[in-house]
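Listed here are the chains, written in short residue letters.
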Amino acid sequence: MLPRIIRSLHLPAVLSAALGLFLGCHSASAAPKLVPAPATDASLAPTPGKQKAVFAGGCFWGTQAVFERVRGVVATAAGYAGGDASTATYDQVTTETTGHAESVEVTYDPSKITYGQLLRVYFAVAHDPTQLNRQGPDVGTSYRSAIFYVNDEQRRLATAYIAQLDQARVFSGPIVTQVTPLKGFYRAEDYHQDYALNHPENPYILVCDRPKIAALKQQFPELFTEYKGH
């Protein structure tokens, strides 16, 4: 956890820490090809509405920073999923004993974006789905890759897409993403919300999360939207 809480350091220390973070964030990259659109997806809804999706892919700061910049996403929340309400606090989750994963709840308008498009963003730029129980410098089951589905359609679409990506060998290793039912989503402490937006100069954000935002803008210009906070 130390790399993520670097704050007031002198410049040489910051540069040294940033180099370590860079190596941690990028040395294990799966170096994917262009991630294709899902062959199986839901159709856009005929009328506006709100649906929810929950994704875990390492530190929730970066995952939230990506999805809140996706056109059609109405709101996001950083939080915890996979464990019980009684252990859904940052101090407990970081002990790696709660069963929780740092997750992001995405509220989206199904008339503007499909669940399959959200899945594509998740696999293409939000995280590395080939890393087991870690993302870059963050190690433990709370940083696992997981899709928490809220209904059978989400389960079907997520499972089919993972099979499609594995069959096409899009990544250099097998996808280890779990597809599991959502028991509950628990919003994280307020200081975690919009963390990347509110702390743009944090070394961890600069090295591990800003590249994800840049990749979203480059790979999905039709979905990218600027985000200034609520």
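What this report covers is the structure whose coordinates are included nearby. (Residues numbered from 1 in each chain as written. Predicted model: local features only at pLDDT ≥ 70, side-chain atom pairs only at ≥ 80, totals over all residues. Heavy atoms only, no water.)

### Thoughts on the environment of Ala-188
In this fold, Ala-188 is placed in the loop between β8 (185-187) and α6 (195-198). Judged by its relative accessible area of 4%, Ala-188 is buried. Ala-188 sits 111 residues away from Ala-77 along the chain, and the two C-alpha atoms are 7.7 Å apart. (Helix = DSSP H or I, 4+ residues; strand = E, 2+ residues; numbered from the N terminus. Buried < 20%, exposed > 50% of the residue type's maximum accessible area, 1.4 Å probe, protein only.)

### Some points on the side chain of Ser-111
Relative to the assigned elements, Ser-111 resides in the loop between β3 (101-108) and α4 (115-126). A distance of 2.7 Å separates a polar atom in the side chain of Ser-111 from a polar atom in the side chain of Asp-109. Ignoring sequence-local partners within four residues, the contact set of Ser-111 consists of Leu-44, Ala-45, Thr-47 and Pro-48. (Polar contact = N/O pair within 3.5 Å; in protein donor to acceptor, adjacent residues only side chain to side chain. Contact = heavy atoms within 4.5 Å.)

### A look at the pairing of strand β6 (residues 145-149)
Burial runs high along β6: five of the five residues are buried. Where burial is concerned, the two faces of β6 agree: the one with Ser-145, Ile-147 and Tyr-149 and the one with Ala-146 and Phe-148 are both buried. Bridging between strand β1 (residues 51-57) and β6 involves four bridges; their strand directions are antiparallel. For Val-54, the partnering residue across the bridge sits in β6 and is Phe-148. Here β6 runs beside strand β7 (residues 178-181); their pairing, made up of four bridges, is parallel. Its bridge partner being in β7, Ile-147 is matched across the sheet by Val-179. A crossover connection joins β6 to the parallel β7 through helix α5 (residues 152-167); in handedness this β-α-β unit is right-handed. (Pairing = 2+ DSSP bridges. Right-handed = clockwise from strand over helix to strand, strands pointing away.)

### Side note on the sheet that holds β1
Read across the open sheet, the six strands follow the order β7-β6-β1-β3-β2-β8; overall the sheet is mixed. Here the strands that pair on one side only, and so sit at the sheet edges, are β7 and β8. For this sheet, the mean inter-axis angle between neighbouring strands, taken without regard to orientation, is 35 degrees. Its contacts with the sheet put helix α2 (residues 60-67) on β1, β2 (73-81) and β3, and the angle it makes with β2 is roughly 165 degrees. (Axes fitted to C-alpha atoms, helices over the stretch in contact; angles between N-to-C directions.)

### Description of the side chain of Glu-102
Tracing the backbone through its elements, the reader meets Glu-102 in strand β3. A polar side-chain atom of Glu-102 sits 3.0 Å from the main-chain amide nitrogen of Phe-60.

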